[in-house]
Amino acid sequence: MNKTTKTGLVSELKTNFDKMKAAVLTDFRGIKVESITEFRKEIRKNGCKYEVVKNTLAQIACKDTNASYLKEYFK
């Protein structure tokens with residue numbers, strides 16, 4: 001991923017972090033594809049967004065937002 005792409009993604013994430021009302025953080029390890037696919041369907045069905053991002057980009061994006069308290073979970 002080049003720097004321009006990363007910058008755009010961080011900007012988009014920052015906007016999403018500022019607008020969110022709640023957050024659910026998941027770890028992909030140990031989750032079967034079928035389970036996560038069903039989870040994503042339910043999330044979308046309820047008008048929510050589920051996105052997989054690099055931890056370092058999430059840490060940068062949540063800084064100085066309403067979600068800054070999440071930074072410690074992105075490891």
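Our structure is the block above this text.
Residues numbered from 1 in each chain as written. Predicted model: local features only at pLDDT ≥ 70, side-chain atom pairs only at ≥ 80, totals over all residues. Heavy atoms only, no water.

Peer 1: I'd like a description of the environment of K19, backed by residues and values.
Peer 2: Summarising the element assignment, K19 is placed in helix α1 (residues 3-19). Taking the relative accessible area as the measure of exposure, K19 reaches 62% and is therefore exposed. Through-space distance from the C-alpha of K19 to that of N66 is 8.1 Å; in sequence the pair is 47 residues apart. (Helix = DSSP H or I, 4+ residues; strand = E, 2+ residues; numbered from the N terminus. Buried < 20%, exposed > 50% of the residue type's maximum accessible area, 1.4 Å probe, protein only.)

Peer 1: Describe the pattern of salt bridges, and please don't skip the residues or the numbers.
Peer 2: Applying the stated rule across the entire model yields 4 salt bridges. The shortest N-O distance in the salt bridge between E42 and K45 comes to 3.0 Å. In this pair, E42 and K45 are both assigned in helix α2 (residues 33-45), 3 residues apart and thus about one turn of the helix distant. Residue E42 is classed as partly exposed on the basis of its relative accessible area of 32%. In this structure, the salt-bridge partner of K49 is E51, at a minimum N-O distance of 3.6 Å. The exposed category is assigned to K49, whose relative accessible area is 55%. (Salt bridge = Lys/Arg side-chain N within 4 Å of Asp/Glu carboxyl O.)

Peer 1: Account for the packing of aromatic side chains, with residues named and values stated.
Peer 2: Any aromatic ring pair is given by two values, namely how distant the centres are and how the planes are angled relative to each other. This structure, assessed with the given rule, holds 2 aromatic pairs. Aromatic side chains F17 and F74 sit 6.3 Å apart centroid to centroid with 45° between the ring planes, which places their arrangement in the tilted category. Here F17, found in helix α1, pairs with F74, found in the segment after α3 (55-62); they are 57 residues apart in sequence, far enough to count as distant. For F17, a relative accessible area of 10% corresponds to the buried category. The interplanar angle of 85° and the centroid separation of 5.4 Å between the aromatic rings of F39 and Y50 together place this pair among those described as edge-to-face. Here F39, found in helix α2, pairs with Y50, found in the loop between α2 and α3; they are 11 residues apart in sequence, far enough to count as distant. The class of Y50 is partly exposed, set by a relative accessible area of 22%. (Phe/Tyr/Trp six-rings, centres within 6.5 Å; stacked < 30°, edge-to-face > 60°.)

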